[in-house]
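Listed below, chain by chain, are the residues.
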Amino acid sequence: MDEQAAVLLEKIRQQFDFGPYPRIPIDRSPKDNVSKLYIHNFVTPYYVRNQKVIDTEQITILDAGCGAGYGALILAEANPGAKIVGIDISEKSLELARQRLKHHGFEQVEFHQISIYELPQLGLEFDYINCDELLYLFPDPAIALQAMKLVLKPQGIIRSNLHSKHQRVNYFRAQEAFQMMGLMEGNPEDMEIEIVLDIMKALKDGVNLKTQTWTGKYEGEDGKGNVLMNYLFQGDKGYTISDLFAALRGADLEFISMVNWRQWDLMKLFKEPENLPVFLAMSLPDISEEQQLRLFELLHPIHRLLDFWCGHPHQAQPFVPIAEWTNDDWQEAQVHLHPQLRTAAVKEEMSRCVTQFNPWEISKYLPVTGESRLVDSTIAACLLPLLESSQLIPSLVARWQQLRPVHPVTLESTNQEEALETVKQALTGLAENGYVLVERAS
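Residues numbered from 1 in each chain as written. Predicted model: local features only at pLDDT ≥ 70, side-chain atom pairs only at ≥ 80, totals over all residues. Heavy atoms only, no water.

Caption draft 1: Broad picture of the overall build of the chain. For the chain, the count of helices and strands is 18 helices and 12 strands. For 442 residues, the compact-globule estimate of 2.2 N^0.38 gives 22 Å, and the C-alpha radius of gyration of the chain, at 24 Å, lies within 12% of that figure. For the chain, the C-alpha atoms occupy an extent of roughly 80 × 55 × 45 Å along the three principal directions. Residues classed as buried in the chain amount to 48% of the 442 residues present. (Helix = DSSP H or I, 4+ residues; strand = E, 2+ residues; numbered from the N terminus. Rg over C-alpha atoms; globule rule 2.2 N^0.38 Å. Buried < 20%, exposed > 50% of the residue type's maximum accessible area, 1.4 Å probe, protein only.)

Caption draft 2: View of helix H5 (residues 91-103). Under the 1.5 Å per step criterion, the end-to-end length of H5 is 18 Å for 13 residues, consistent within 8% with the ideal 18 Å. Buried residues of H5: Ser93, Leu94, Ala97, Arg100 and Leu101, and no others. Buried residues in H5, looked at end-on, bunch into an arc of 120°, giving them a common side. Directly after H5, the chain includes Gly105, whose backbone phi takes a positive value near 85°. (Expected span 1.5 Å × (residues − 1). Arc of directions from axis to C-beta.)

Caption draft 3: Focus on the sheet that holds strand S12 (residues 436-439). Read from one edge of the open sheet, 3 strands run S11-S8-S12, paired in antiparallel fashion. Each edge of the open sheet is held by one strand with a lone partner, namely strand S11 (391-392) and S12. (Pairing = 2+ DSSP bridges.)

Caption draft 4: View of the pattern of salt bridges. Inspection of every chain in the model, using the stated rule, returns 20 salt bridges. One salt bridge connects Asp252 with Lys149, and the closest N-O pair in it is separated by 3.4 Å. Of the two residues, Asp252 sits in the loop between helix H11 (241-251) and strand S6 (254-258) while Lys149 sits in helix H6 (residues 141-149), which places them 103 residues apart along the sequence. The partner of Lys224 in a salt bridge is Glu194, with the nearest N and O atoms 3.5 Å apart. Linking Lys224 in helix H10 (residues 223-230) with Glu194 in helix H8 (residues 190-202), this pair joins segments that are 30 residues apart in sequence. (Salt bridge = Lys/Arg side-chain N within 4 Å of Asp/Glu carboxyl O.)

Caption draft 5: Here's a closer look at the sheet that holds strand S4 (residues 126-131). What the 7 strands build is an open sheet, ordered S3-S2-S1-S4-S5-S7-S6; its pairing is mixed. Every interior strand has two partners, whereas the edge strands, strand S3 (109-112) and S6, have only one. In this sheet, neighbouring strand axes are inclined to one another by 20° on average, regardless of whether the strands run parallel or antiparallel. Across 4 bridges, strand S2 (residues 83-87) lies against S3 in parallel orientation. Following the sheet pairing, Val85 is matched in S3 by Glu110. Set on the sheet, H6 makes contact with strand S1 (60-64), S4, strand S5 (152-163) and strand S7 (305-311); between it and S5 the angle comes to about 155°. The sheet strands contacting H11 are S5, S6 and S7, and the helix crosses S7 at an angle near 25°. (Axes fitted to C-alpha atoms, helices over the stretch in contact; angles between N-to-C directions. Contact = heavy atoms within 4.5 Å.)

Caption draft 6: Examining the packing of aromatic side chains more closely. One pass over the structure, following the stated rule, counts 13 aromatic pairs. Relative to Phe233, the ring of Tyr136 has its centre 6.1 Å away and its plane inclined at 85°; by these criteria the two rings are edge-to-face. You can see Tyr136 sitting in the loop between S4 and H6 and its partner Phe233 sitting in the loop between H10 and H11, a full 97 residues away along the chain. A network of ring pairs unites the aromatic residues Tyr171, Phe178, Trp214, Tyr218 and Tyr231 as a single cluster. Above the plane of the ring of Trp261 lies Arg262, whose end atom (NZ or CZ) is 4.0 Å from the centre. (Phe/Tyr/Trp six-rings, centres within 6.5 Å; stacked < 30°, edge-to-face > 60°. Lys NZ or Arg CZ within 6 Å of the ring centre and 35° of its normal.)

Caption draft 7: View of the packing of helix H17 (residues 393-403) against helix H18 (residues 416-432). The geometry of H17 relative to H18 is characterised by a closest axis approach of 9 Å and an angle of 110° between their N-to-C directions. One finds that H17 runs roughly perpendicular with respect to H18. Helix-helix and strand crossings are classified by hand; for H17 and H18 the assignment is right-handed. Side by side, H17 and H18 meet where Ile393, Leu396, Val397, Trp400 and Gln401 of the first sit next to Gln416, Ala419, Leu420, Thr422, Val423 and Leu427 of the second. For the contact of H17 with H18, the per-class residue count stands at 8 nonpolar, 3 polar and no charged. (Parallel < 35°, antiparallel > 145°, perpendicular 65-115°, else oblique. Left-handed = near helix turned anticlockwise from the far one by under 90°. Nonpolar A, V, L, I, M, F, W, Y, C, P; charged D, E, K, R; others polar.)

In structure tokens, the structure reads:
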């Protein structure tokens, strides 16, 4: 690490010693935040990469830059039986992290005051590394990724993110303005925060910087922390998709997927995806995934974070996409309900909808697509056994035949082929959205 990087690292450490982040009360539980639990559950990226379901018992997870420990708590809640290791350069933050995990009853946790560069000192290898809201603070993201790669198991996965240069451009402009005023020469504390608050409130409502960045969150309970993490954030930088892929190539890591990949669908930006202008219809099918993501961010830069999963090259287990499965593939497949749906609340609501013949709003319990998704009550009844354990397709087909022994219009008996087709269609749609995980036999 060169002298300039060391000076910046110390300024960042001082900033987080002054204001540990996130400023979330220790007793607050993430159990109801199913979107966060879904992202932090190792089952999710492992299935995206390999179309296989993994048991989180006995895996080891690193929370790199764990801060005040809320992310580590989410990881512990989302991955039952996993060992959680947190590292951070701020001892003040680590004190809160230790208190938080102890308060919530987690014992398979440990925290260390070290930087990412010092990871090999732990003598551990990790199945999953979560590096949230940290990578963009490094002078060179590729070097930080390389440091994590050194302690990543061959089949392991890293989740990290970079601030978007395009979406966050107005905050970078604000930081430059307050830097020009001398508010970021040292380590910003209460006085500098109050000055920023006074200045932003004094600006007319129509002033561009205020209209583009100012919200009520800066005057609320966590207002000072939000000011620090946006207007006065030491080392903050923005990156593009091209920068992200360049960093992965520099670290010799393989891109797996954007974490919120459904919200990066280029086709959803067009009114009629099936009727594109001729130029686009001819060119888009031939461009790479990197180019598609790059075009998306240029057309519609709505994502604050370029949030991604990556891993060692050539370690993904080859699989056949579900859309290409034969009936023989289906007959041997195993079906799992996503772990974040296997809860008492889901069981109660699912059973109620089945009993009352009401559609089940599955997206209410796993809001990962941004859209409402209803499941027919009979399909929900067919899937009820998944709440207890995974099921082979033939057992679900047999259950469907019991639920619908005859066709509702013709009153003819439902044969196995018709039942299989119905189950296939239902599961394909649910699997596309991550509600169910369907494994093809090896």
